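# Results of the structural survey
Read off the chains here:
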Amino acid sequence: MNKKCLVAYYSRKGQNYVNGNIINLPVGNTEKIANMIRELTEGDLFEIKTIKSYPKDYMETTRVAQDELSENARPELTEYLDNIDDYDVIYLGYPNWWGTFPMAVCTFLESSDFTGKTIIPFCTHEGSGMGHSERDIRGLCPTANVEKGLAIRGGSVSSAEKIVRSWISK
Ligand SMILES: Cc1cc2nc3c(=O)[nH]c(=O)nc-3n(C[C@H](O)[C@H](O)[C@H](O)COP(=O)(O)O)c2cc1C
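Within any chain, residue numbers begin from 1 and follow the written order of that chain's sequence. Local features in this predicted model are restricted to residues whose pLDDT is 70 or higher, and side-chain atom pairs enter the listing and the counts only when it is 80 or higher, whereas totals over whole chains, interfaces and linings include all residues. To obtain the side-chain values, all non-hydrogen atoms of the structure were used and water was disregarded.

## A closer look at the site of the ligand
We define proximity as follows: a residue is near a molecule or strand when any one of its heavy atoms falls within 4 Å of that partner. Around the ligand sit 23 residues, and of these S11, T30, N96, T124 and S128 come closest. Distance and chemistry together define a polar contact, namely a pair of N or O atoms within 3.5 Å, with one atom able to donate a hydrogen and the other to accept it when in protein, and with adjacent residues in sequence counting only for side-chain atoms on both sides. Within the backbone of N96, one N or O atom sits 2.7 Å away from an oxygen atom of the ligand. In the environment of the ligand, an oxygen atom lies 3.1 Å from a nitrogen or oxygen atom belonging to the backbone of G127. Here the open area of atoms and residues is found with the Shrake-Rupley method and a 1.4 Å probe, where only the protein chains shown may cover a residue. Relative to its unbound accessible area of 650 Å², the ligand is 94% covered by the protein chains. Put simply, DSSP marks the helices as runs of H or I at least four residues long and the strands as runs of E at least two long, and each gets a number from the N terminus on. For the shell around the ligand, the secondary structure elements donating two or more residues are β2 (14-18), α1 (29-41), α2 (58-71) and β6 (118-125). Tallying contributions element by element places α2 first for the shell around the ligand, with four residues.

Okay, here's the thing in structure tokens:
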């Protein structure tokens, strides 16, 4: 039987930096792509959410995120995945924060056993692309098969469906 795939993502709605301007995003960029992938794959959706929320202010959030990165923090999640055995393929989405994913994604990756699973990363960003996030996933999940990811600029998310569709079909 073909297993469903999982679309797991972290995304921060609210104030963000898009195309050189600070704007308010009622739905986060990565969340929009995650929803597209979920629809196209008919997979399950899992939102990686932290108990502690980040500041509303974009600049303050960049400072908190930088501290978490340098401390190698593991922010606690509101919910943990308890059915990894149901999936063989996991699409993993996140915004690029300081060249990699938010530390909540580390918490997520360390909370299940991804041995033998295929992880397909996707990220949204403001110019840094995937950064070194794919390498970082491999570091945290050395027994998973981590594929090359898809990077989409925040400002292009709304018109990205065609790109996402053709990426998935490969
Ligand atoms: C804390 C923080 C750090 C960021 N660092 C980077 C970065 O290093 N490179 C980059 O291209 N974009 C960076 N960005 C921009 C985000 O990657 C981009 O706005 C993304 O689309 C946000 O996705 P989201 O709405 O799903 O959270 C950063 C944004 C935040 C909030």
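Further notes follow.
## Quick word on the packing of aromatic side chains
In this analysis, rings of Phe, Tyr and Trp, with Trp reduced to its six-membered ring, are considered paired at centre separations within 6.5 Å, and the interplanar angle assigns stacked below 30 degrees, edge-to-face beyond 60, and tilted for intermediate values. Going through the model one piece at a time under the given rule, you end up with seven aromatic pairs. Plain terms: the ring middles of Y54 and W97 are 5.1 Å apart, the flat faces sit at 90° to each other, and that makes the pair edge-to-face. One end of the pair, Y54, is in the loop between β4 (44-47) and α2; the other, W97, is in the loop between β5 (89-95) and α3 (103-110), and 43 residues separate them in sequence. Each member of the pair, Y54 together with W97, is buried. In this scheme, a residue with accessible area under 20% of its type's maximum is buried, one over 50% is exposed, and one in between is partly exposed, where area comes from a 1.4 Å probe on protein chains only.

## Notes on the pattern of salt bridges
Should a side-chain nitrogen of Lys or Arg be within 4 Å of a carboxyl oxygen of Asp or Glu, the pair is scored as a salt bridge. Enumeration over the complete set of coordinates arrives at six salt bridges. Among the ionic pairs, D88 bridges to K3, the shortest N-O distance being 3.6 Å. With D88 in the loop between α2 and β5 and K3 in the segment before β1 (6-9), the pair connects residues that are 85 residues apart, well separated along the chain. On the basis of relative accessibility, which here comes to 38%, the residue D88 falls in the partly exposed class. For E161, the salt bridge goes to R165, with nearest N and O atoms at 3.0 Å. Placement of the pair is E161 and R165 together in helix α5 (residues 161-169), with a separation of four residues, close to one helical turn.

Function cannot be read off these values alone, since they describe shape.
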